[in-house]
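Survey of secondary and tertiary structure
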Amino acid sequence: MHQPQWMNAELESLRDAARRFYETELVPHEPRWCAQQHVDREVWYKAGAAGLLCPGIAEAYGGGGGSFLHEAVIFAEQARAIAGGLGNSLHSGIVAHYIENFASEDQKRRWLPKMATGELVGALAMTEPGTGSDLQSIRTRALRDGDHYVVDGAKTYITNGTSADLICLVAKTDPSQGARGVSILVVETAKVTGLRRGQPLHKIGMHSQDTCELFFDGMRVPCENLLGPEEGQGFRQLMKELARERLITALMSLACMERAIEETLRFTAGRRVFGQPLLEMQNTRFRLAECETQAHLAAAFIDDCARRLLAGTLSPATAAMAKWWVTDACGKVVDECLQLHGGAGYMTEYPIARLYQNVRVHRILAGTNEIMKELIARDMAQRAV
Ligand SMILES: Cc1cc2nc3c(=O)[nH]c(=O)nc-3n(C[C@H](O)[C@H](O)[C@H](O)COP(=O)(O)OP(=O)(O)OC[C@H]3O[C@@H](n4cnc5c(N)ncnc54)[C@H](O)[C@@H]3O)c2cc1C
């Protein structure tokens, strides 16, 4: 397993504590959670008590007071454990930061401490049945009526959708505009009517994670729940936070790659073919050497991006490079590793099969890899003028 250059004793001990928590509180429940398509509510409270929620949020708001590195350790370890049901990277790594960065002081004090204990579960609702990549074309409307917004529309593929108590909802407050008409409202689900949650969606992987559709029918949200002081800031807010989301996806992909390699080393060392361990065959050795090289390259790039994020210099284009390249490499590595397992690789009792199912989505969410390349090319094109 790769040891990031920024790792220190404190982060190592956090990593070990997180690993123990996942081994005892998540992994044994995975089969049942996969069947029910969501985790038990109480595991959120347990994760809060273990200090695994909102580690990068200021202590003044109940968070851990750590940095992106604390989050990186916690999220990577969960990906390595192949126990993705607890949608914490979204809750703590994304939603909590929208609130910390853009909400009013009063809202931060109201929501963040409860997110840190697990009392409130967060979700981010951008994607709609008709549009995902092209966010400017969303059709969910939030139109002002006195001191409330009236929301009509639908969202889909929403992580933590069924359990969410706080939904950062991306909607058009001015449908006549494109990006400038987009705002984010924080929906406190216990306080609204007109919100309906669909049944859990049947996915090809990440079965224990709760993913559903949301429907809004005249849902009334107080105007004070607008994120940021004025309307039309949603697109800018999204752009500001997306680099972090993309780096989180990349580092979780790296953790999956490393777990796949560890599993395959162990499997091929024990499996005998034609009178010798599979690991002794030159093809196996070359394939594993290639996989290890990919993981090392990914790790070096991610370490560099993490340092830039901490320094405030991670550009959207660089984050996009990390996201597409690492998730693409992860797909190839996990596929190679599965092949080296033979038929066992197709059986979900083997970790490699579950990794194969789970990592496919990394190339799709947090902005598809094609959109990442668009962003990079757009950035490059500026150099040409
Ligand atoms: C398990 C899972 C969890 C998710 N969780 C969330 C969540 O919590 N919140 C949320 O809001 N969304 C979530 N999503 C949605 C995800 O972000 C979208 O699926 C993704 O952004 C792609 O949007 P789309 O599905 O509408 O595909 P589309 O945008 O329709 O894309 C279809 C294809 O067209 C390609 N394409 C689109 N535009 C271009 C272009 N300009 N140039 C070249 N190719 C292009 C895409 O790359 C893709 O290959 C989740 C999705 C999944 C599968």
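A few points on the structure. None of these values were measured; they are calculated from a predicted model. All chains use their own residue numbering, which begins from 1 and follows the written sequence. Selection of residues for local features in this predicted model requires a pLDDT of at least 70, selection of side-chain atom pairs for listing and counting requires 80 or more, and totals for whole chains, interfaces and linings are taken over all residues. Hydrogens and waters are ignored; side-chain quantities use all the structure's heavy atoms.

With that settled, the discussion passes to the overall build of the protein. Summing up its helical and strand segments, the protein has eleven helices and nine strands in all. With C-alpha atoms as the basis for the radius of gyration, the globule rule is written as 2.2 Å multiplied by the number of residues raised to the power 0.38. Against the compact-globule benchmark of 21 Å for 385 residues, the protein has a radius of gyration of 21 Å, which places it among compact chains. Summarising its shape, the C-alpha atoms of the protein cover approximately 80 × 55 × 40 Å along the three principal directions. With 385 residues in all, the protein has 53% of them scored as buried. Any two residues having at least one pair of non-hydrogen atoms within 4.5 Å are treated as being in contact. Taking the contacts inside the protein whose residues are at least 6 apart along the sequence as the reference set, 72% of them involve residues at least 24 apart. What sets the accessible areas is the Shrake-Rupley method with a 1.4 Å probe; for residues, cover comes only from the shown protein chains. Only carbon and sulfur atoms are counted for the fraction: they give 52% of the accessible area of the protein, which is about 17200 Å². Taking the average place of the 42 positive charges on the side chains of the protein and the average place of its 46 negative ones, the gap between the two points comes to 3 Å. Secondary structure elements follow DSSP: runs of H or I of four or more residues count as helices, runs of E of two or more count as strands, with numbering from the N terminus. Residue exposure (1.4 Å probe, protein chains only): buried if accessible area is under 20% of the type maximum, exposed if over 50%, otherwise partly exposed. When charges are counted, neither His nor the chain ends are considered; positive counts come from Lys and Arg and negative counts from Asp and Glu. To locate a charge, take atom NZ for lysine, CZ for arginine, CG for aspartate or CD for glutamate.

Quick look at the pairing of strand β3 (residues 148-159) now. Where strand β2 (residues 141-145) and β3 come together, five bridges link them in antiparallel fashion. Paired with Arg-144 across the strands is Tyr-149, a residue of β3. Turn length for the β2-β3 hairpin, with the two strands adjacent in sequence and antiparallel, is two residues, and the turn residue Gly-146 shows positive phi of about 65°. Pairing between two strands is assigned when DSSP locates at least 2 bridges connecting them. In the sheet, β3 pairs with strand β7 (residues 211-222) via ten bridges, with the strands oriented antiparallel. Across the sheet, the residue bridging to Tyr-149 is Val-221, located in β7.

Turning our eyes to something else, we now look at the packing of aromatic side chains. Stacked, edge-to-face and tilted are the three classes for Phe, Tyr and Trp ring pairs, Trp counted by its six-membered ring, which pair at centre distances within 6.5 Å; planes under 30 degrees apart are stacked, over 60 edge-to-face, the rest tilted. A complete count under the given rule lists three aromatic pairs for this structure. Residues Phe-21 and Tyr-22 carry aromatic rings whose centres are separated by 6.1 Å and whose planes lie at 80° to one another, so their mutual orientation is edge-to-face. In terms of burial, Phe-21 and Tyr-22 fall into one category: buried. When the ring of Tyr-98 is compared with that of Phe-102, the centres are 6.2 Å apart and the planes differ by 45°; the resulting orientation is tilted.

Before going further, it helps to spend a moment on the pattern of salt bridges. What makes a salt bridge here is a side-chain nitrogen of Lys or Arg within 4 Å of a carboxyl oxygen of Asp or Glu, nothing more. Inspection of every chain in the model, using the stated rule, returns 20 salt bridges. Note that Glu-263 is salt-bridged to Arg-259, the shortest N-O span being 2.8 Å. In this pair, Glu-263 and Arg-259 are both assigned in helix α7 (residues 234-270), four residues apart and thus about one turn of the helix distant. Linking Glu-263 and Arg-266 is a salt bridge whose minimum nitrogen-to-oxygen distance equals 3.4 Å. One end of the pair is Glu-263 and the other is Arg-266, both in helix α7 and three residues apart, which spans about a single turn.

Taken together, the neighbourhood of the ligand is formed by 17 residues, with Thr-127, Ser-133, Tyr-157, Thr-368 and Glu-370 sitting nearest. A distance of 3.1 Å separates an oxygen atom of the ligand from a polar backbone atom of Gly-132. Side-chain atoms alone can form a polar contact between residues adjacent in sequence; in general such a contact is a pair of N or O atoms within 3.5 Å, and within protein one must be able to donate a hydrogen while the other accepts it. The separation between a nitrogen atom of the ligand and a polar side-chain atom of Thr-159 is 2.8 Å. Across the complex, the protein chains shield 65% of the 970 Å² of accessible surface that the ligand would expose by itself. Throughout, the term near means that a residue has one or more heavy atoms lying within 4 Å of the molecule or strand in question.

Let us look at the side chain of Asp-165. Examined against the element boundaries, Asp-165 turns out to sit in the loop between β3 and β4 (166-172). Residues contacting Asp-165, with those up to four places away along its chain left out, are Arg-41, Glu-119, Leu-120, Val-121, Val-187, Glu-188 and Thr-189.

For the rest of this paragraph, the subject is the packing of α7 against helix α9 (residues 316-340). Whenever a helix is involved, its axis is fitted only over the stretch in contact; in every case the axis is a line through C-alpha atoms, and angles between N-to-C directions fall within 0 to 180 degrees. Where α7 meets α9, the closest approach of the two axes is 8 Å, and the angle between their N-to-C directions is 20°. Comparing their axes, α9 and α7 come out roughly parallel. Between α7 and α9 lies a crossing whose hand is left-handed. Partitioning the contact of α7 with α9 into residue classes produces 17 nonpolar, five polar and two charged. Oblique is the label for every angle not falling under 35 degrees (roughly parallel), over 145 degrees (roughly antiparallel), or within 65 to 115 degrees (roughly perpendicular). Handedness of a crossing is defined here by the sense of rotation of the near helix relative to the far one, left-handed for an anticlockwise turn of less than a right angle and right-handed for a clockwise turn. Note on residue classes: Ala, Val, Leu, Ile, Met, Phe, Trp, Tyr, Cys and Pro are nonpolar, Asp, Glu, Lys and Arg are charged, and everything else, Gly too, is polar.

With that settled, the discussion passes to the environment of Thr-117. Locating Thr-117 in the fold gives a position in helix α6 (residues 105-117). Looking at Thr-117, the relative accessible area reads 38%, which means it is partly exposed. Spatially, the C-alpha atom of Thr-117 lies 44 Å from that of Arg-287, the residues being 170 residues apart in sequence. Leave out the neighbours within four places in its chain, and Thr-117 touches Trp-44, Tyr-45, Gly-48 and Leu-53.

Attention now moves to the environment of Trp-33. Note that Trp-33 resides in helix α2 (residues 30-36). Overall, Trp-33 belongs to the buried group, its relative accessible area being 2%. Spatially, the C-alpha atom of Trp-33 lies 40 Å from that of Glu-230, the residues being 197 residues apart in sequence. Leave out the neighbours within four places in its chain, and Trp-33 touches Glu-25, Leu-26, His-38, Val-39, Asp-40, Val-43, His-207 and Ser-208.

When its relative accessible area of 9% is taken as the criterion, Glu-263 is described as buried. Dropping the residues within four chain positions of it, Glu-263 is found in contact with His-341 and Pro-351.

With that settled, consider helix α11 (residues 369-384). Here α11 contains 16 residues, and its C-alpha end-to-end distance of 23 Å stays within 8% of the 22 Å for a straight helix at 1.5 Å per residue. Residues of α11 that are buried include every one of Asn-369, Met-372 and Ile-376, and no others. End-on, the buried residues of α11 take up no more than an arc of 55°, which puts them together on one face. More than 90 degrees from the buried face of α11, the exposed residues found are Glu-370, Arg-378, Gln-382 and Ala-384. Each element contacted by the buried residues of α11 is listed here: α7 and α9. Multiplying 1.5 Å by the residue count of a helix minus one yields the expected span of that helix. Here the arc refers to the directions that run from the helix axis out to each C-beta atom.

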